[in-house]
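Take a look at the letters that make up each chain.
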Amino acid sequence: MITKNDAAHTAVYTIENSKLSVKISQLGAELVSIYDRANSRELLWQGNEAIWKNQAPVLFPLIGRLKTKGFTYEGKRYDIDIHGFAKTSVFTPADRSGNSITFTLASSGETLQHYPFDFGFSVRYTIDNNRLLKEYITKNTSAKDMYYEAGGHEGYMLPLSGSEKMSDYFLLFKGKDALYSFTKDDQTMMLIQKHKFDLDNGRLYLNMGVFSNDALVLEDDAGKVIELHGPNTGRLLTVKFSDFKYVGIWTRNMPSDTNYVCIEPWSSLPDFAHLGTELTEKIGIRRLGAGQSETLEYTVEVH
C-alpha cells in the first residue's frame, strides 16, 4: 500500500521491562525485535533479502495466497496481495503506556479498492514479565456484514550459537505422536489431503525436508501451544494461541539452512484448489455484523 520512500519515514517504538525489550515498526505494526534481556539474545529473525526479508508481518484482512490473486464479493472482483495489505500499511501509534502500545489502521479510499468493507483494525502489544501479548482488535464500521481473516507470521531466530545447526532445534507438541498437515498443489494452493509427520516424543526437528511442500498447516488437533527448543539452550520460547483455529509452521525451502522458523497463528486458511474465489466461501472466514468488534490474541513467552 505504500512505497519504499514512505517506509523510510516510519518510526520504530519500544516497550520494555527488566525481562524483555520489544520493538515495533509503525510500518505494518510489525515486530522488529524481541530481545531477551535476561540471556542477552535476540529471538526475532532480523531479515535477509536473500532468504526472507520480513520479520513478523501482520496478516489482515486475508491470509495466504489467493488462487487468482484476488477474490469476488457480491459479483465484483477485488485484487489483493498475499496476506493482505496490513503488512504494507502505515499504522498510527496510540494508547502508549510503559509496557503497552496500540497501533491502529482504518479503512480508506485506497483500501476499499482492494477490500469492500469499512473497518477499524488495531494491533496491541503488551509485555508482562517474560510474556509478550499480541492482540488483534477488529471492528466493522460499515452498515453490512464484514468478512475478514487475521493472523501472525513471527519468524524466530536459530541457531543461536555458531556450533549449532538448524536441524538441532525442534518444536515441541506436548502429548502428540504425529501431526497432520494440509498439503499443497504445484501452485501452492491448499489441498484437503493431509500428510502425516511422525514426532519423536512430541518433537518436530527443523530440517529442510519438513518444508519440502511449503508450510505445515495444522488445525485444532495439533493443539494450541508450541514450544521452540534448542540443543544447548533448552526451551527458548512458547507460543500460545487459543483464539486461533489454525497454525502455520514455515521457513523458506532452500538447499541450506535458513536459520529461522515461523510460528503463525491463523484465524482462517488460504485458498483451496477445489473452491472458487467467493470471499464468503473461504474456509474459516470470520463474519462481523455491522458495528460489531472482536479481539483475537496470542502470547509469546520467553524462557
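Structure: above.
First, a word on what this report is: a plain description of the structure on this page.

Rules behind the numbers
Residues numbered from 1 in each chain as written. Predicted model: local features only at pLDDT ≥ 70, side-chain atom pairs only at ≥ 80, totals over all residues. Heavy atoms only, no water. Helix = DSSP H or I, 4+ residues; strand = E, 2+ residues; numbered from the N terminus. Buried < 20%, exposed > 50% of the residue type's maximum accessible area, 1.4 Å probe, protein only. Contact = heavy atoms within 4.5 Å. Areas by Shrake-Rupley, 256 points an atom, 1.4 Å probe, with all protein chains shown as cover. Salt bridge = Lys/Arg side-chain N within 4 Å of Asp/Glu carboxyl O. Core = buried A, V, L, I, M, F, W, Y, C linked by side-chain atoms within 4.5 Å. Pairing = 2+ DSSP bridges. Axes fitted to C-alpha atoms, helices over the stretch in contact; angles between N-to-C directions. 1 Å grid on protein atoms, 1.4 Å probe; cavity = no way out; pocket = protein on both sides within 12 Å on 5 of 7 lines; lining within 4 Å. Points joined across faces, edges and corners; volume = space filled by probe spheres on them. Nonpolar A, V, L, I, M, F, W, Y, C, P; charged D, E, K, R; others polar.

1. Details of the overall build of the protein chain
For step 1, the next point in the chain: Counting secondary structure elements, the protein chain contains two helices and 23 strands.
For step 2, the next point in the chain: Overall size of the protein chain, expressed as C-alpha extent along the three principal axes, is 55 × 45 × 35 Å.
For step 3, the next point in the chain: Residues counted as buried form 52% of the 303 residues belonging to the protein chain.
For step 4, the next point in the chain: When contacts within the protein chain are restricted to residue pairs at least 6 apart in sequence, those whose partners lie at least 24 apart make up 63%.
For step 5, the next point in the chain: Accessible area for the protein chain stands at about 12800 Å²; split by element, carbon and sulfur atoms hold 45% of it.

2. Description of the environment of I34
For step 1, the next point in the chain: Considering the arrangement of structural elements, one finds I34 in strand β3 (residues 31–36).
For step 2, the next point in the chain: On a C-alpha basis, the gap between I34 and V90 in space is 21 Å, while along the polypeptide they are 56 residues apart.
For step 3, the next point in the chain: Leaving out residues up to four positions away in the same chain, I34 has contacts with S21, R41, E42, L43, L44, L132, Y156 and V302.

3. Looking at the pattern of salt bridges
Where charged atoms from two side chains of opposite charge come close, those side chains can pair.
For step 1, the next point in the chain: Overall, the coordinates contain 19 salt bridges when judged by the stated rule.
For step 2, the next point in the chain: Linking K87 and D81 is a salt bridge whose minimum nitrogen-to-oxygen distance equals 3.2 Å.
For step 3, the next point in the chain: Note that R235 and E227 form a salt bridge whose closest N and O atoms lie 3.5 Å from each other.
For step 4, the next point in the chain: With relative accessibility at 5%, the residue E227 sits in the buried group.
For step 5, the next point in the chain: When salt bridges with common partners are traced through the structure, they connect E149, D271 and K282 into a single cluster.

4. Observations concerning the nonpolar core
For step 1, the next point in the chain: Counting residues in each nonpolar core, the largest one holds 73 residues, and the members touching the most others are Y125 and I249.
For step 2, the next point in the chain: At five residues, strand β9 (residues 119–128) tops the list of elements feeding residues into this core.

5. Observations concerning the sheet that holds strand β17 (residues 216–218)
For step 1, the next point in the chain: Spatial strand order, β12-β21-β20-β17: four strands in an open sheet with antiparallel pairing. Among the strands making up the open sheet, the edge pair consists of β12 (154–157) and β17. Pairs of neighbouring strands in the sheet enclose a mean axial angle of 20°, with direction left out of account.
For step 2, the next point in the chain: In the sheet, β12 pairs with strand β21 (residues 260–266) via four bridges, with the strands oriented antiparallel. Bridging from a neighbouring strand, G155 pairs with C262 of β21.

6. Thoughts on the pairing of strand β20 (residues 246–250)
For step 1, the next point in the chain: Within β20, five of the five residues are buried, leaving the element largely enclosed by the surrounding structure.
For step 2, the next point in the chain: Here β20 shows a buried face lined by Y246, G248 and W250 and a second buried face lined by V247 and I249.
For step 3, the next point in the chain: Both β17 and β20 contribute to a ladder of three bridges, which runs antiparallel. The residue of β20 that forms the bridge with L216 is I249.
For step 4, the next point in the chain: When β20 meets β21, the two strands line up antiparallel, connected through five bridges. Within β21, the residue paired with G248 across the bridge is E264.

7. Some remarks on empty space enclosed by the protein
For step 1, the next point in the chain: As enumerated under the stated definition, the model contains one cavity of 30 Å³ or more in all.
For step 2, the next point in the chain: The computed volume of the largest cavity comes to approximately 50 Å³.
For step 3, the next point in the chain: In this structure, the largest cavity is lined by L269, P270, D271, F272, L275, G276, E278, E281, K282 and I283.
For step 4, the next point in the chain: Considering only residue class, the lining of the largest cavity consists of five nonpolar, one polar and four charged.

8. So, unusual backbone geometry
For step 1, the next point in the chain: For the peptide bond that leads from F60 to P61, omega is 5°, which places it in the cis range.
For step 2, the next point in the chain: Assignment of secondary structure puts P61 in the loop between β4 (41–42) and β5 (70–73).
For step 3, the next point in the chain: In the segment running from L158 into P159, the intervening peptide bond is cis, with an omega of -5°.
For step 4, the next point in the chain: Turning to its location among the elements, P159 is positioned in the loop between β12 and β13 (170–172).
For step 5, the next point in the chain: A positive phi angle, close to 60°, is found at N129, a residue other than glycine.
For step 6, the next point in the chain: In this fold, N129 is placed in the loop between β9 and β10 (131–140).
For step 7, the next point in the chain: For N129, a relative accessible area of 43% corresponds to the partly exposed category.

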